[in-house]
Amino acid sequence: MGHYALVGGDKTFWVAYGTPKTVALCVYDIDGGTLKGKWSPWYIDGDAKNTGSETLTGPASLDGDFKITAGKSPTTGAEYTGTVTIKPAEIVGATDDAKPYLLTWTFGDIKVYGIGIKSGKQLFVASAQVLI
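Residues numbered from 1 in each chain as written. Predicted model: local features only at pLDDT ≥ 70, side-chain atom pairs only at ≥ 80, totals over all residues. Heavy atoms only, no water.

Enquirer: Tell me about the environment of T106, and name the residues and values.
Expert: Mapped onto the fold, T106 is located in strand β8 (residues 99-107). Relative accessible area serves as the criterion here: at 19%, T106 is assigned to the buried category. Taking C-alpha positions, T106 is 5.3 Å from T83, a pair spaced 23 residues apart along the chain. Excluding anything up to four places from it in sequence, T106 contacts G82, T83 and K111. A distance of 3.2 Å separates a polar atom in the side chain of T106 from a polar atom in the side chain of K111. (Helix = DSSP H or I, 4+ residues; strand = E, 2+ residues; numbered from the N terminus. Buried < 20%, exposed > 50% of the residue type's maximum accessible area, 1.4 Å probe, protein only. Contact = heavy atoms within 4.5 Å. Polar contact = N/O pair within 3.5 Å; in protein donor to acceptor, adjacent residues only side chain to side chain.)

See below:
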């Protein structure tokens with residue numbers, strides 16, 4: 001799946017790729033320590049009801065634990081809560097223009113892992129999909 005966006009005046013296309021029924025892409029808008037994201041699951045078909053949303057609050061540095069203050073699951077619209085740990089990733093060749101991050105969502109005993117790239121005031125994240 002992919003997401004087209006203008007980032008700093010540049011045309012960008014971000015992609016999440018995985019085996020069928022396993023991947024989701026979230027695009028977060030960053031405002032200090034608040035991230036507001038829109039989830040597109042593997043089965044996105046253009047219908048807005050099949051997207052989810054998530055708002056996180058935590059450190060403006062994007063390094064630490066974030067609380068899910070508002071979460072809405074794709075398709076069902078079910079609300080959920082949990083935490084997300086975001087840590088900068090040390091990847092050779094990465095620059096501040098496309099800084100990589102590792103993410104871990106925790107929902108009780110369930111953990112979901114993802115990787116993201118920060119570009120401008122957006123964080124583009126690909127992760128395994130869990131329906132809540």
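From this point, things continue past the structure.
Enquirer: Tell me about the pairing of β8, and name the residues and values.
Expert: Where burial is concerned, most of β8 is hidden: seven out of the nine residues are buried. As paired strands, strand β7 (residues 82-88) and β8 are joined by six bridges and run antiparallel to one another. For T85, the partnering residue across the bridge sits in β8 and is T104. Here β8 runs beside strand β9 (residues 110-119); their pairing, made up of nine bridges, is antiparallel. (Pairing = 2+ DSSP bridges.)

Enquirer: Give me the lowdown on the sheet that holds β9, citing residues and values where you can.
Expert: Ordered in space as β3-β4-β5-β6-β7-β8-β9-β10, the eight strands form a closed barrel in which the pairing is antiparallel. Averaged over all neighbouring strand pairs, the angle between strand axes comes to 30°, with direction disregarded. Bridge count for strand β6 (residues 64-72) against β7 is five bridges, and the pairing is antiparallel. Looking at the pairing, K67 lines up with T83 of β7. (Axes fitted to C-alpha atoms, helices over the stretch in contact; angles between N-to-C directions.)

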